[in-house]
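Listed below are the residues making up each chain.
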Amino acid sequence: MKKAAILAAALIIASCSSAPTAKISGTIDNLKDTCIIVINGHSQILDTVKVDSDGAFSYKLEFTEEVPEFCHFMSGNSCLASLVLVPGDKVSVKVAGGDYTVEGSEESSIMKEIYDESIRTEKEMIANPENAGKLYVQYNRFARMHIINNPKSISSAYLALQRFSTGLPVFAEASDAIIFKQCYDSLKIVYPHSGYTK
């Protein structure tokens, strides 16, 4: 009886101390027998991941707290995929032709839509500099509507703080303070321990 009690206590302690995780598996076209780097939303290196001879890789992210984590999978200076992971996610990623698809993560799917729109807008700005102002306004409206329609998504924090590659903020007007407040107030309820709401 005493041994059983000790074993039960040990199992309880182990279950309480185990960190929440997200699991990612995927394939990368034209990248084999090498390593890729995983960085977080603050450009800090989290880990290196081995890509095998078939271009396949797998990674398990451990969370220090029950809050979403931005993860960017990098090869050199190129971003292969940008994910937003939450504890319990089981994500499948396919990288091919300079683009990627993601399944199994709602936040990552939302982030992919933002990523695609951002890239498309920047490419059009470069190709048509005379329309840069109009394109900026259009993207600002896209970001604004996303934050309004997705108040509990951590991607809203990304958009609120996003800058174009030139350094220009998406939200740069004094009147945009209301967007920051709305984003903060909504996410504070869902993710009180996130670095974006502390």
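Each value, and the rule that gives it
- Residues numbered from 1 in each chain as written.
- Predicted model: local features only at pLDDT ≥ 70, side-chain atom pairs only at ≥ 80, totals over all residues.
- Heavy atoms only, no water.
- Helix = DSSP H or I, 4+ residues; strand = E, 2+ residues; numbered from the N terminus.
- Buried < 20%, exposed > 50% of the residue type's maximum accessible area, 1.4 Å probe, protein only.
- Pairing = 2+ DSSP bridges.
- Axes fitted to C-alpha atoms, helices over the stretch in contact; angles between N-to-C directions.
- Expected span 1.5 Å × (residues − 1).
- Arc of directions from axis to C-beta.
- Contact = heavy atoms within 4.5 Å.
- Salt bridge = Lys/Arg side-chain N within 4 Å of Asp/Glu carboxyl O.
- Core = buried A, V, L, I, M, F, W, Y, C linked by side-chain atoms within 4.5 Å.

How do you make sense of the environment of P151 when you look at a structure like this?
Following the sequence through the fold, P151 ends up in the loop between α3 (132-149) and α4 (155-161). P151 sits in the partly exposed class, given a relative accessible area of 32%.

Help me understand the sheet that holds strand β4 (residues 56-62), please; the structure alone is not making it clear to me.
Paired through their backbone hydrogen bonds, the strands of a sheet run either parallel or antiparallel. Pairing is mixed across the open sheet formed by 4 strands, whose spatial order is β4-β1-β7-β8. In this open sheet, the two strands that pair with only one neighbour each are β4 and β8 (99-103). The mean angle between the axes of side-by-side strands here comes to 20 degrees, regardless of whether they run parallel or antiparallel. Inspection of the sheet shows strand β7 (residues 90-96) paired to β8 by 5 bridges, in the antiparallel sense. By the bridge assignment for β8, S92 is matched with E103.

I keep staring at the pairing of strand β2 (residues 34-40) and nothing clicks. Help me out?
Strand residues, when the strand is regular, have side chains that alternate between the two faces of the sheet. Where β2 and strand β3 (residues 45-51) come together, 6 bridges link them in antiparallel fashion. Paired with I37 across the two strands is T48, which belongs to β3. The antiparallel hairpin formed by β2 and β3 contains 4 residues in its connecting segment, where S43 sits at a positive phi of about 65 degrees.

Looking at this structure, how should I read α3?
An α-helical turn contains 3.6 residues, so a residue and the one three or four places further along point in the same direction. Along its 18 residues, α3 runs 26 Å from first to last C-alpha, staying within 8% of the 26 Å computed at 1.5 Å per residue. When α3 is considered as a whole, its buried residues turn out to be L135, Y136, Y139, N140, A143, H146 and I147. Buried residues of α3, seen end-on, are gathered within an arc of 140 degrees and therefore sit on one face of the element. Opposite its buried face, α3 presents the exposed residues K134, R141 and N149, each directed more than 90 degrees away. The elements touched by buried residues of α3 are α2 (106-127), α4 and α5 (177-190).

How do you make sense of the side chain of S156 when you look at a structure like this?
With respect to the secondary-structure elements, S156 resides in helix α4. What makes S156 buried here is its relative accessible area of 1%. Here S156 is in contact with H146, I147, N150 and C183, once residues within four sequence places are set aside.

Help me understand the pattern of salt bridges in this model?
Any two side chains of opposite charge can pair, given that their charged atoms come close. Per the stated rule, a full pass over the model turns up 6 salt bridges. For D99, the salt bridge is made with K112, and the minimal N-O distance between the two is 3.1 Å. Here D99, found in strand β8, pairs with K112, found in helix α2; they are 13 residues apart in sequence, far enough to count as distant. The buried category is assigned to K112, whose relative accessible area is 10%. For the salt bridge of R144 with D176, the shortest nitrogen-to-oxygen distance reads 2.9 Å. Remark: D176 occurs in the loop between α4 and α5 and R144 occurs in helix α3; sequence separation between them is 32 residues.

I keep staring at the nonpolar core and nothing clicks. Help me out?
It is characteristic of soluble globular proteins that their nonpolar side chains tend to be buried jointly. Residues I24, I36, F73 and L85 are the most contacted members of the largest nonpolar core, which totals 23 residues. Breaking this core down by element, the ones donating at least two residues are β1 (21-28), β2, β3, β4, β5 (69-75), β6 (78-85), β7 and β8. Considering every element that reaches this core, the biggest residue donor is β6, with 4 residues. With sequence-adjacent residues up to four places away left out, I36 is seen in contact with I28, L31, D47, T48, V49, V51, F57, F73, M74, S75 and L80. Among the nonpolar cores identified, the runner-up in size contains 22 residues, and I114, I147, I154 and I179 belong to it.

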